[in-house]
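Summary of the model geometry
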Amino acid sequence: MNSSTGTVAWKPCDLLTRGNPHPSDKLSCSRATFTKRVSVVQSDNTADFPAQYTYSAKYISLLRRRTPIVVEPFESEDETLRSFSEKEIVNPLISYVNCLRRSPADDPYISHVTKAASNDSNSVVRTDIWFQLDNKPDAKYYGTLKWPTLVFLPPGSLARDDTNEKMWNALFKNDTECHFFMEAVRRIIEVPVTVTDFNHVLCVTKVNENIEGSIIPISPELSVSLLMGGCLLDAIPEWVFGPNEVPRPIPQGALDDPCKPSPTDEEIIATRHSHSDFDRFALMNKDAIRQFLRWKQRMQETPRPAMEGNSISVLTYGFEKERIPFEPRYALEPLPEETLKHMEATKRPTYPEFDSLLKASKSFEIVIDKELTPKTGLGYARTFSCRVTTIDGKEVGVSSPGQFVAKVFDDSVGKVDTLEGVGGFPESWIQGFRTSQEMIQCEEDVYNRLQHAWASVIPWFYGVHRFTFPDGTQRYGILLEYIPKATHKLREHSSEAQRSFIRAARHALRVLQYADITQRDWTDEQFIPSPYGSADRPLLNCVLIDFSNAFQSDRYYDIERKDDYGEMSYAILLDLDPEQGEVPPEERDGCPEELIREEFGPREEWDNWRDSYLDE
């Protein structure tokens, strides 16, 4: 609750899973009070009703789970069924729908009116809903949407008929309320109609001599808010509520001078050293793409020099002029207590004095010990274990880690699609074109966002710098904490150690999800099984790495979230890229499926996917 404004802020899932509000006893009616009844015939397709509406509600809620729902207070001097329905159901639902519009500035505002059949405190209540179409260019289209009518009855007003299990009765105190109710349900000819007595929900499908519809008992899984919210959302096109996802840009720019000849392959090879040396707009031309691919082939065929033992000079934070300030769209969410306990239990030593010394420096020098570059992957970076030998030309005079990891980016040899691989369309090909600077920015933004998890499920991050190699080549890269990796394959460890790794992986995944970060290329190269525990009880932590292809929402757009839950669990099972498909069991490395099912845990509120092997 915001005490200054009286507003309430929810997440979408809070609204649709917040339980079942129930009117007080004084708003209920005794059976003796009812003098009129209307017969209701239970439809045969009862199961279709909750399935349809809960899908609409949950899908949109999960997709937009981080959008804050601000509900304005509803004040009423008297406690009536109308004020209760407005406060607990209608007002929050309308606020919910208005907050989830993709473009509040352009899409019409949703309005409603709630009225009662009489002045009695427990009189029948009806809510009509519509778009506020003032000065909207698409008013004619929006006016065709079939908004539902919501009807609220006193508790106990929907009762099963004792003589026929398929018959129900809607009970009323007098003709006025009965006529008011029938006037509402007859709108089924034009719009959906949903009725509740806070014990059951009736979805009206037809009105003739009797009312026909599906009657569902309220339960913790099927609340009034969920079913009526689903009815409301089901009436609105999905594009109104889809997240503001990043558009797929088509590069634009000035046309090349037709009088100036295109550069030859030899000129391109001599003057281009990275993707950023190419004009994206020029690469919308098929001939330019093919020339770029020839340059790429030449770069990939050039042997990479061995680096072990070399001394590398590094300009501290040399990437600063290249980076684009990043503002996350959503605040960090508090992590569950069990995840915080795991992070504390797996905390590794930190070196704050060294960190401060490095941040204050102008340059430092490293010596390469060993190349760690994985054999798989896209090849956009080389990874080395290394030591920091001097800072600003002086020996490191404070306690520091013995080893680091330097990940140096070089997009010139990274894999890219062929033009034929994307159907021959430059517009499609350019979507996969990325530069080292863009990938480094992703890494830096993610590591900075996850600072609370450094030295536990995330390596300590020592920043982005400019590395100068012995031949004078300069590349940008990141410096990280060195994470000891288990010497045995996952499946070779004890059952207890494997179980500890699976639980650790789930905690690490939560760290990503609670920060609104999605990983787009889950493989076994995205995590390190790292030993912890004791000699008597060796366990495995899961440390996440490689965020060059991870994304998070910025202030303008929502990211397209992937199935991180399913793909990470699959990578743990197979230890390979999920897109590579099935492999024979004897070739698998990873944890047994039965252990993953037991220890990885169920999906949580943000997991709007349901297509992994764990969901079978």
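First, a word on what this report is: a plain description of the structure on this page. Along each chain, numbering runs from 1 in the same order as the chain's sequence is written. Predicted model: local features are reported for residues with pLDDT of at least 70 only, side-chain atom pairs are reported and counted for 80 or more only, and whole-chain, interface and lining totals are derived from all residues. Excluding hydrogens and water, the side-chain values take into account all heavy atoms of the structure.

On to helix α8 (residues 286-301). Under the scheme used here, helices are H or I runs from DSSP no shorter than 4 residues and strands are E runs no shorter than 2 residues, and both carry numbers assigned from the N terminus. Any helix carries an expected span of 1.5 Å times its number of residues minus one. For α8, built from 16 residues, the straight-helix expectation of 22 Å at 1.5 Å per residue is met to within 8% by its first-to-last C-alpha distance of 23 Å. Looking only at α8, the buried set comprises A288, I289, Q291, F292, L293, W295, K296 and M299. In this analysis, two residues are considered to be in contact whenever any of their non-hydrogen atoms come within 4.5 Å of each other. The inward-facing, buried residues of α8 abut α7 (265-271) and α11 (426-429). For α8, the capping residue at the N-terminal end is N285, with a side-chain oxygen 2.8 Å from the backbone nitrogen of D287. Note on classification: 1.4 Å probe, protein chains only; a residue is buried when its accessible area is under 20% of the maximum for its type, exposed when over 50%, partly exposed between these limits. The definition of a polar contact used here is a pair of N or O atoms within 3.5 Å, where within protein one atom must be able to donate a hydrogen and the other to accept one, and adjacent residues in sequence count solely through side-chain atom pairs.

To continue, consider the sheet that holds strand β10 (residues 200-207). When DSSP locates at least two bridges between a pair of strands, those strands are taken to pair. What the nine strands build is an open sheet, ordered β4-β5-β6-β9-β10-β11-β2-β8-β7; its pairing is mixed. At either margin of the open sheet sits one strand with a lone partner, and together these are β4 (109-116) and β7 (158-160). With strand direction ignored, the average angle separating the axes of adjacent strands in the sheet is 30°. Pairing between β10 and strand β11 (residues 211-217): seven bridges, direction antiparallel. If you follow K206 over to β11, its bridge partner there is E212. Axis definition: a line fit to C-alpha positions, over the contact stretch in the case of helices; interaxial angles, taken between N-to-C directions, run 0 to 180 degrees. Packing against the sheet, helix α6 (residues 224-234) makes contact with β5 (125-132), β6 (149-152), β9 (193-196) and β10, and its axis sits at approximately 170° to β9.

Time to look at the packing of aromatic side chains. Geometry of aromatic contacts follows a simple scheme: Phe, Tyr and Trp rings, the Trp one being its six-membered ring, pair when their centres are within 6.5 Å, and the pair is stacked under 30 degrees between planes, edge-to-face over 60, tilted otherwise. A complete count under the given rule lists 20 aromatic pairs for this structure. Ring geometry for F278 and F292: centres 4.9 Å apart, planes at 85°, overall edge-to-face. On the criterion of sequence distance, the pair formed by F278 in the loop between α7 and α8 and F292 in helix α8 is long-range, its members being 14 residues apart. Site record: aromatic cluster; members linked through ring pairs are F354, F404, Y447, W454, W460, F461, Y462 and F547. Whether a charge lies above a ring is judged from NZ of Lys or CZ of Arg, which has to be within 6 Å of the ring centre and within 35 degrees of the ring normal. Lying across the ring of F278, R272 places its NZ or CZ 5.4 Å from the centre.

Below, the discussion takes up the side chain of R449. As for its placement among the helices and strands, R449 is situated in helix α12 (residues 436-449). For this count, His and the chain ends are skipped, Lys and Arg are scored as positive, and Asp and Glu as negative. Salt bridge criterion: a side-chain nitrogen from Lys or Arg within 4 Å of a carboxyl oxygen from Asp or Glu. Buried and unpaired, R449 has no salt bridge, with D516 as the nearest side chain of opposite charge at 5.3 Å. A polar atom in the side chain of R449 sits 3.0 Å from the backbone oxygen of A515. A distance of 3.4 Å separates a polar atom in the side chain of R449 from a polar atom in the side chain of Q552. Beyond its immediate chain neighbours, meaning those up to four positions away, R449 contacts P328, Y330, A331, L332, A515, D516, I517 and Q552.

Right, let's get into the environment of L614. Tracing the backbone through its elements, the reader meets L614 in the segment after α15 (593-599). On the basis of relative accessible area, L614 is assigned to the buried category, the value being 13%. Between the C-alpha atoms of L614 and S569, which are 45 residues apart in sequence, the distance is 8.0 Å. The contact partners of L614, leaving out residues within four places of it in the chain, are Y565, S569, I596, R597 and F600.

Here the focus is the packing of helix α3 (residues 81-99) against α6. Axis angle and axis distance: for two packed helices, these are the angle between their axes and the distance between the axes, and together they describe the pair. Their axes nearest at 10 Å, the elements α3 and α6 cross at an angle of 45°. Comparing the axis directions of α3 and α6 gives the class oblique. For the crossing formed where α3 meets α6, the hand is right-handed. On the side of α3, the interface is formed by E88, I89, L93, I94, Y96 and V97, while α6 contributes V224, S225, M228, G229, L232 and L233. Here the term charged refers only to Asp, Glu, Lys and Arg, the term nonpolar to Ala, Val, Leu, Ile, Met, Phe, Trp, Tyr, Cys and Pro, and the term polar to all other amino acids, Gly among them. Looking at side-chain class alone, the contact of α3 with α6 contains nine nonpolar, two polar and one charged residues. Put simply, angles under 35 degrees are roughly parallel, angles over 145 are roughly antiparallel, angles from 65 to 115 are roughly perpendicular, and the rest are oblique. Left-handed describes a crossing in which the near helix is turned anticlockwise from the far one by less than a right angle; the clockwise case is right-handed.

Among buried residues, the Ala, Val, Leu, Ile, Met, Phe, Trp, Tyr and Cys ones that are joined through side-chain atoms within 4.5 Å form a nonpolar core. By size, the foremost hydrophobic cluster in this structure holds 79 residues, and its most contacted members are I366 and L544. Counting residues per element, this core draws most heavily on helix α13 (residues 495-513), at nine residues. Residues contacting I366, with those up to four places away along its chain left out, are N310, S311, I312, V314, C386, R387, V388, T389, A406 and F467. Formed by 34 residues, the second largest nonpolar core is a distinct cluster that contains V90, V201, L226 and I236.

Let us look at the packing of helix α9 (residues 337-345) against α13. Closest axis-to-axis distance for the α9/α13 pair is 10 Å, and the angle between their directions is 110°. With respect to each other, α9 and α13 are oriented roughly perpendicular. Considering only the axes of α9 and α13, their crossing is left-handed. Along its contact with α9, which presents E338, T339, H342 and M343, the element α13 presents A504, H507, R510 and V511. Of the residues contributing to the contact of α9 with α13, the split by class is three nonpolar, three polar and two charged.

On to the pairing of strand β20 (residues 527-533), then. Pairing geometry for β20 and strand β21 (residues 538-544), over seven bridges, is antiparallel. Of the residues in β21, the one forming a bridge with Y532 is L539. The hairpin turn running from β20 into β21, its antiparallel successor, is four residues long.

Opposite charge on two side chains allows them to pair when their charged atoms are near. According to the stated counting rule, one finds 29 salt bridges in the structure shown. Between E183 and R126 there is a salt bridge, with the nearest N and O atoms lying 3.5 Å from each other. Here the residue E183 occupies a position in helix α5 (residues 175-185), and R126 occupies one in strand β5, the gap between them amounting to 57 residues. A salt bridge links E599 to R503; the shortest N-O distance between them is 3.1 Å. Within this pair, whereas E599 is found in helix α15, its partner R503 is found in helix α13, the two being separated by 96 residues in sequence. According to the relative accessible area criterion, E599 is buried, its value standing at 19%. The class of R503 is partly exposed, set by a relative accessible area of 33%.

When you tally the buried positions in strand β8 (residues 167-172), you get six out of six residues, the bulk of the element. Here β8 shows two buried faces, one formed by M167, N169 and L171 and the other by W168, A170 and F172. In the sheet, strand β2 (residues 36-42) pairs with β8 via six bridges, with the strands oriented antiparallel. Bridge assignment links S39 to a residue of β8, and that residue is N169. Relative to β8, β7 runs antiparallel, the two sharing three bridges.

Positive phi outside glycine occurs at Y317, with the angle close to 50°. Following the sequence through the fold, Y317 ends up in the loop between β12 (311-315) and α9. Positive phi is not limited to glycine here, since D546 has a value of about 60°. Residue placement: D546 occurs in the loop between β21 and β22 (550-552). A residue is classified by how much of its surface remains accessible, and D546, at 18% relative accessible area, is buried.

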